[in-house]
Structures are given as structure tokens and as C-alpha cells.
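Report on the structure
Here is how the chains run, residue by residue.
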Amino acid sequence: MTEDAKPASLQKYCMVLYAAYALSAVMDFFEDTVFLGLLVLTAAYILGNSKKKAAEGTPYASHLRWMYRTFWIGSAIIVPLAVIFAAGLVWAFTDIAPVATAMANGDPDALMSSVHHYIEQNMNKVSLLTMTMTVPTAVWWIRRCWVGCLLAKAGKPVENVTSWL
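Residues numbered from 1 in each chain as written. Predicted model: local features only at pLDDT ≥ 70, side-chain atom pairs only at ≥ 80, totals over all residues. Heavy atoms only, no water.

The subject of this paragraph is the overall build of the protein chain. Assigned secondary structure in the protein chain consists of six helices and zero strands. N-terminal to C-terminal, the α/β element order of the protein chain is α-α-α-α-α-α. Computed over its C-alpha atoms, the radius of gyration of the protein chain comes to 21 Å, more than 25% above the 15 Å expected for a compact globule of 165 residues. Seen through its principal axes, the protein chain has C-alpha atoms that stretch 70 × 25 × 20 Å. Considering the protein chain as a whole, with its 165 residues, one finds that 31% of them fall into the buried category. (Helix = DSSP H or I, 4+ residues; strand = E, 2+ residues; numbered from the N terminus. Rg over C-alpha atoms; globule rule 2.2 N^0.38 Å. Buried < 20%, exposed > 50% of the residue type's maximum accessible area, 1.4 Å probe, protein only.)

One can describe the packing of helix α4 (residues 60-93) onto helix α6 (residues 108-153) by two numbers: an axis separation of 10 Å at closest approach and a directional angle of 165°. As the angle between them shows, α4 and α6 are arranged roughly antiparallel. Here α4 runs over α6; the crossing is right-handed. A breakdown of the residues in the contact of α4 with α6 according to their chemical character gives 20 nonpolar, eight polar and three charged. (Axes fitted to C-alpha atoms, helices over the stretch in contact; angles between N-to-C directions. Parallel < 35°, antiparallel > 145°, perpendicular 65-115°, else oblique. Left-handed = near helix turned anticlockwise from the far one by under 90°. Nonpolar A, V, L, I, M, F, W, Y, C, P; charged D, E, K, R; others polar.)

The next point concerns the layout of surface pockets. In this model, the largest pocket occupies a volume close to 750 Å³. Lining the largest pocket are 23 residues, and of these D28, F29, V34, V83 and T134 sit closest to its centre. Of all the elements in the fold, those that place two or more residues in the lining of the largest pocket are α1 (5-29), α2 (34-50), α4 and α6. When residues in the lining of the largest pocket are grouped by element, the largest group, 10 residues, is from α6. Of the residues that constitute the lining of the largest pocket, the class distribution is 15 nonpolar, six polar and two charged. (1 Å grid on protein atoms, 1.4 Å probe; cavity = no way out; pocket = protein on both sides within 12 Å on 5 of 7 lines; lining within 4 Å. Points joined across faces, edges and corners; volume = space filled by probe spheres on them.)

On to empty space enclosed by the protein. Inspection of the entire model under this criterion finds one cavity of 30 Å³ or more. The volume enclosed by the largest cavity comes to roughly 40 Å³. As for the largest cavity, its lining consists of Y21, A44, Y45, G48, N49, L64, M67 and Y68. Those elements that provide at least two residues to the lining of the largest cavity are α2 and α4. Top element by residues in the lining of the largest cavity is α2. It accounts for four residues. Along the lines of polarity and charge, the residues of the lining of the largest cavity split into six nonpolar, two polar and no charged.

As a further point, take the side chain of S24. Relative to the helices and strands, S24 is located in helix α1. Residue S24 is classed as buried on the basis of its relative accessible area of 1%. Each residue touching S24, except ones within four places of it in the same chain, is listed here: G37, V40, L41 and W141. (Contact = heavy atoms within 4.5 Å.)

This is the structure in C-alpha cells:
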């Protein structure tokens, strides 16, 4: 591969990885495709890391680092915090006491019955409360992909790779 072809190839590679990262965020947002979204994200992460050496000295090295940081900031910090806050909101704004009581009693049938009743009574509330945390997380993730993709398309590096935004 010639030196001129290397950046063009890396540009396309980065664009595909950004698309995979964004697709994974969208897929993780929907219950039926969460597992597939996680597989897409894991594959994109591994593929991005496999090109780090090849990208050295090109503008695309910063893009691979940006995606690496998106993966770790999102997966290890933002998503767990969103889950904790969503669980706290659900705990605060729904009546989960009957489930806790059934759990403490140790009767599996009573527990299943109380969980079923809890879900019937609170599903809309739980969905709304969890969306308050998952939507901003998905928007953050997709925004990082969008910014990176625009810069990669222009052949420019990511200037502030260590930014959380």
C-alpha cells in the first residue's frame, strides 16, 4: 500500500468504526437488540485497537484514541452512573416495598407474584424514569461519533482527544 493510500484507507476504516459505535448506541437503546449492540460495540473496539500501529503519524490516530476513550468513558463511567441513577429514580418513585417484603419472606411463589404485580402496576413509570437516564447517555455517545465522523471525513484529527464531550 502506498503512503497516499494509507490515509484514505484509514479514513474509510474510521468512518466504518464511527458508524458501528453509533449503531451500537442505538441498538443498546432498544430492549430486543441490546446484546447485538454490545457485540457490535465490542467488535468495533477490537478492530479499532488493531489499527493503532498503522494509524501512527496520521490524523486518524487521534480518531482511534477518541473512539477508545468513548468506549471506556461510556462503558465504565457514564452508562453505570446512568443505571445507578435510573435505579434510584425507580426506587424513589415506585412502590417496591411489596417485592422487598416477598423477598425477605423467602417464598419464591410469593416473590414471583409480587414482581409480576409490580411490573403490571409500574411499567410505564419505570420506562419513563429509565429513559430520563438512557436518552442523554445515547445522545452523548452518538454526538461523539458524529463529531469524530465529521472530522474524519474532512481528514482532520480530533484536536482535544481527552475531552469528555
